[in-house]
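# Examining the three-dimensional arrangement
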Amino acid sequence: MSTPKPITEDDVRHVAKLSRLHVTDEDVHHFTGQLAAVLDYIGKLNELDVDGVEPMVHPMELVNVLRPDQEQPGITTDSALANAPAKTPPFFKVPKVLGDGPSA
Amino acid sequence: MNPTESTLIELRDAIASKAVSAVEATRAYLDRIEAHDDGIHSYHEVYTDRAVQRAQAVDAGDVTGPLAGVPIAIKDLLCTDYGHTTCSSKMLANFQAPYTATAVKRLEDAGAVILGKTNMDEFAMGSSTENSANITTRNPWDTDRVPGGSSGGSSAAIAADLCAASIGSDTGGSIRQPAALCGVVGMKPTYGRISRYGLIAFASSLDQIGPFTHTIADTALLLKVMMGHDPLDSTSADVPVPDDIDKVDDAPKNLRIGIARQYMSDSNDPAVAAATQQAIEIYKDHGAQIVEVDLPHTEYGIPVYYIVATAEASSNLARYDGVHYGHRTDKAADLIDLYCRSRAEGFGDEVKRRIMLGTYALSSGYYDAYYDRALKVRRLIANDFESAFKSCDAILCPTTTAPAFKVGEKADDPLSMYLNDVYTVNCNLAGNAGISLPGGTTNVDGKDLPVGVQLLGPAFDESRLLKIARIYEAATKYYVQRPSL
């Protein structure tokens, strides 16, 4: 496996977009240098031959955890909305998504 | 008796025998917080009225249990249906959880009095509490220095006797590292031992709740109360908790202590090396066999961790959208802009770095090179431990390479901060149990600073690990050392 090429400012802009994080040019510059240093250190993993090694995603090799399909008390609508920064009960409120709003 | 100078069990027994009332004990801690926490900043929120009411209920006999009347502090990422749960983030500054974490509920069902929530690195990402959006907690031994992190508020609170015990969480060392830097016992149980229900998620395959105390016996009691399967957390282990877990004085026979050269680096601070060496001698004197074990992939733990933990964090923290709860920008042009600006305003730089790093590692074109490769090396690290535990009962090593560093010393260098976890992180990757013990102090610039000694044990055998730890504690009694405030 070849080492990926170093992270660029354009990569960081792309990743910020995927991460839904608004970034300024100054942020991009700052984060690119820091992430490059961390990724360089992570490149150490390329020293190892991992062919044939089973990936370990979790300490417990769980499959599905099921429970009987029985009604149980859950969170109420009022409680779910209690921390909403904007709401029109029983709904969460968001800016206009359809129509003449700017496209995403 | 002075309630703030006793161990948790001594205090519990004194309350049970009416030598001291639960209200007196709670007020003694509240007074001490009032008097000393301004210089330490271990608490973010103190529940004075609620704590006193709970203590009154204990004194009236309405609340009973193995922790009746004992005042405990909890890390500010454990949800309670009272007060705020903020993760020391601007994102959750006003968040009031609709339910209580299972671990906290079990403490309260056992009679504990929750004093308040402790400061931490934002979303548990850090090793110093300097990433808190609120304030940096100070090390009670030297307030120019950090208490460690991310559970630094919890470690500072117990070290300064501002609670009888505290609770933290450990994703890569966030209980054990601050325990070492503050001179207290801090334990990360096996992954899955304590329910994560109500623990605000950072990295779900690594996060584990655990206690900070002065003594092993106190830790054992808290584990006995908190551990065990919880139907509300599908990753909580359905493995019975041994009845004898709190019989910490039953020293195991034919003990084999493992030493791994990978943890005995020349770069360890001399005081750290000396503390580890002293621990080896203590186990030898006890009759234990000292065996060399090999953990050849140790040095790859930090790189694996910073892929696995950030990948999981990037997914877990996607829920903070400015819509359902948490910070919402007032500058949004449209829905996507609402997400992006709310998150940019609500998260601090370290959280942003980790979300971006994790997103990058999972993104198209990089998944195989980073994430998949990290998971394979994670397997190699877990295999190292599995074979090591065939020839020993526990691995003895330092918790950190050095005592507490100064506030600001590493704040602008993320990589150097990450390397703090070099001796703790592999235990999380493998899912094993680990405990940091007070290993005495070393004088630096005229201040006594604690160092930690760590024991790592196989999964689901906390009971034996605590008994092994108790041998060292009984021989050293370092837990009696306290900072002067």
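Residues numbered from 1 in each chain as written. Chains lettered and ligands numbered in written order. Predicted model: local features only at pLDDT ≥ 70, side-chain atom pairs only at ≥ 80, totals over all residues.

### Some points on the overall build of chain B
Our working definition: Strands are runs of DSSP state E lasting at least 2 residues, helices are runs of H or I lasting at least 4, and numbering of each runs from the N terminus. Values of the radius of gyration come from C-alpha atoms, whereas the globule rule sets the reference at 2.2 Å times the count of residues to the power 0.38. Exposed residues have 12 or fewer other C-beta atoms within 10 Å of their own C-beta, buried residues have 20 or more, and residues in between are partly exposed; the C-beta atoms are placed from the backbone. The contact rule is simple: place each C-beta atom from the backbone, and if two of them lie within 7 Å, those residues are in contact.
When its secondary structure is counted, chain B shows 15 helices and 11 strands. The C-alpha atoms of chain B give a radius of gyration of 21 Å, which matches the 23 Å a tight globule of 485 residues would have. Along the longest, intermediate and shortest principal axes, the C-alpha atoms of chain B span 65 × 55 × 50 Å. Within chain B, the fraction of its 485 residues that count as buried is 62%. For chain B, long-range pairs separated by at least 24 residues make up 76% of all intrachain contacts whose partners lie at least 6 apart in sequence.

### Notes on the packing of helix H2 (residues 25-42) of chain A against helix H9 (residues 301-316) of chain B
Heads up, the rule is: With axes taken as lines fitted to C-alpha atoms, and helix axes fitted only over the stretch in contact, angles between N-to-C directions fall between 0 and 180 degrees. Put simply, angles under 35 degrees are roughly parallel, angles over 145 are roughly antiparallel, angles from 65 to 115 are roughly perpendicular, and the rest are oblique.
Taken N-terminus to C-terminus, the directions of H2 of chain A and H9 of chain B make an angle of 125°; their axes are 8 Å apart at the nearest point. Judged on the interaxial angle alone, H9 of chain B and H2 of chain A are oblique. Only Pro303, Tyr306 and Ile307 of chain B of H9 of chain B make contact with H2 of chain A, whose side of the interface consists of Val38, Tyr41 and Ile42 of chain A.

### Concerning unusual backbone geometry
The step from Pro89 of chain A to Pro90 of chain A runs through a cis peptide bond, and the omega angle for that step is 5°. Looking at the secondary structure, you find Pro90 of chain A in the loop between strand S1 (87-88) and strand S2 (91-92). Across the junction of Gly149 of chain B and Ser150 of chain B, the peptide omega takes the value 5°, indicating a cis bond. By the secondary structure assignment, Ser150 of chain B is in the loop between strand S3 (113-118) and helix H5 (152-159). The phi angle at Arg20 of chain A is positive, at roughly 55°, despite the residue not being glycine. Judged by the 22 C-beta atoms lying within 10 Å of it, Arg20 of chain A is buried.

### Things to note about the interface of chain B and chain A
Short version of the rule: Ten residues, namely Ala, Val, Leu, Ile, Met, Phe, Trp, Tyr, Cys and Pro, are considered nonpolar, four, namely Asp, Glu, Lys and Arg, are considered charged, and the remaining ones, Gly among them, are considered polar.
With 57 residues of chain B at the contact, the number on the chain A side is 47 residues. Only H9, helix H10 (335-346), helix H11 (349-362), helix H12 (367-391) and helix H13 (414-418) of chain B provide two or more residues apiece to the side of chain B that touches chain A. Top contributing element to the side of chain B that touches chain A by residue count: H12 of chain B, with 12 residues. Partitioning the side of chain B that touches chain A into residue classes produces 35 nonpolar, 11 polar and 11 charged.

### A closer look at the environment of Pro6 of chain A
Residue and element names in this part refer to chain A. Relative to the helices and strands, Pro6 resides in the segment before helix H1 (9-18). Here Pro6 falls in the exposed class, since 12 other C-beta atoms lie within 10 Å of it. Residues Pro6 and Thr77, spaced 71 residues apart in sequence, show a C-alpha to C-alpha distance of 47 Å.

### Observations regarding the pairing of strand S11 (residues 447-457) of chain B
Residues and elements named next belong to chain B. What counts, and what does not: DSSP-based pairing: two strands are paired if at least 2 bridges between them are found.
Of all the 11 residues making up S11, nine are buried; the element is thus mostly covered by neighbouring parts of the structure. Sheet topology note: the strand S9 (residues 394-398)/S11 ladder contains four bridges and is antiparallel. Looking at the pairing, Leu396 lines up with Leu455 of S11. As defined by bridge partners, strand S10 (residues 433-444) adjoins S11 across 10 bridges and the pair is classed as antiparallel. The residue of S11 that forms the bridge with Val444 is Lys447.

### Observations concerning the packing of H1 of chain A against H11 of chain B
Relative to each other, H1 of chain A and H11 of chain B sit at 100°, their axes nearing to 9 Å. If you check the angle between H1 of chain A and H11 of chain B, you find them roughly perpendicular. Only Met356, Thr359 and Tyr360 of chain B of H11 of chain B make contact with H1 of chain A, whose side of the interface consists of Val12, Val15, Ala16 and Leu18 of chain A. Here the contact of H1 of chain A with H11 of chain B is composed, by residue class, of six nonpolar, one polar and no charged.

### A short note on the nonpolar core
To keep it simple, the criterion reads: Core membership is restricted to buried Ala, Val, Leu, Ile, Met, Phe, Trp, Tyr and Cys residues, and these are joined into a nonpolar core through C-beta atoms within 7 Å.
Judged by nonpolar contacts, the single largest core of 170 residues is most densely connected at Ile72, Cys163, Val304, Ile307 and Met356 of chain B. When neighbours within four sequence positions are excluded, Cys163 of chain B is seen to be in contact with Tyr29, Pro71, Ile72, Ala73, Leu115, Ala157 and Ile158 of chain B.

### Description of H12 of chain B
Within an α-helix, residues lying three or four positions from one another point in the same direction, as the helix has 3.6 residues per turn. We count it as follows: By definition here, a helix of n residues has an expected span of 1.5 Å times n minus one. Bend is the name given here to the angle between axes fitted to two runs of seven residues, the run ending at a residue and the run starting at it.
Along its 25 residues, H12 of chain B runs 36 Å from first to last C-alpha, staying within 8% of the 36 Å computed at 1.5 Å per residue. At Arg373 of chain B, H12 of chain B is deflected by roughly 30°, the largest bend along its length.

### So, the sheet that holds S10 of chain B
All names here are of chain B. The strand order S1-S3-S2-S4-S6-S5-S10-S11-S9-S7-S8 describes an open sheet built from 11 strands, whose pairing is mixed. Here the strands that pair on one side only, and so sit at the sheet edges, are strand S1 (43-46) and strand S8 (289-293). Ignoring strand direction, the axes of neighbouring strands in this sheet form an average angle of 30°. Pairing geometry for S1 and S3, over three bridges, is antiparallel. Within the sheet, the bridge partner assigned to Val46 lies in S3 and is Gly116. Against the sheet, helix H3 (residues 48-59) engages S1, strand S2 (71-75) and S3, with an angle of about 155° to S3.

### Let's talk about the confidence of the model for chain A
Worth spelling out the cut-off: Each residue carries a pLDDT score, the predictor's confidence in it, ranging from 0 to 100.
Considering every residue of chain A, the mean pLDDT works out to 90; 91% of them sit at 70 or more. Taken element by element, the predicted model of chain A shows its lowest mean pLDDT in helix H3 (residues 77-81) of chain A (95) and its highest in H1 of chain A (97).

### Focus: the environment of Leu92 of chain B
Residues and elements named next belong to chain B. In this structure, Leu92 sits in the loop between S2 and helix H4 (102-109). Note: C-alpha distance between Leu92 and Gly346 (254 residues apart in sequence) is 7.9 Å. Excluding its chain neighbours within four sequence positions, the residues that come into contact with Leu92 are Thr85, Thr86, Cys87 and Gly326.

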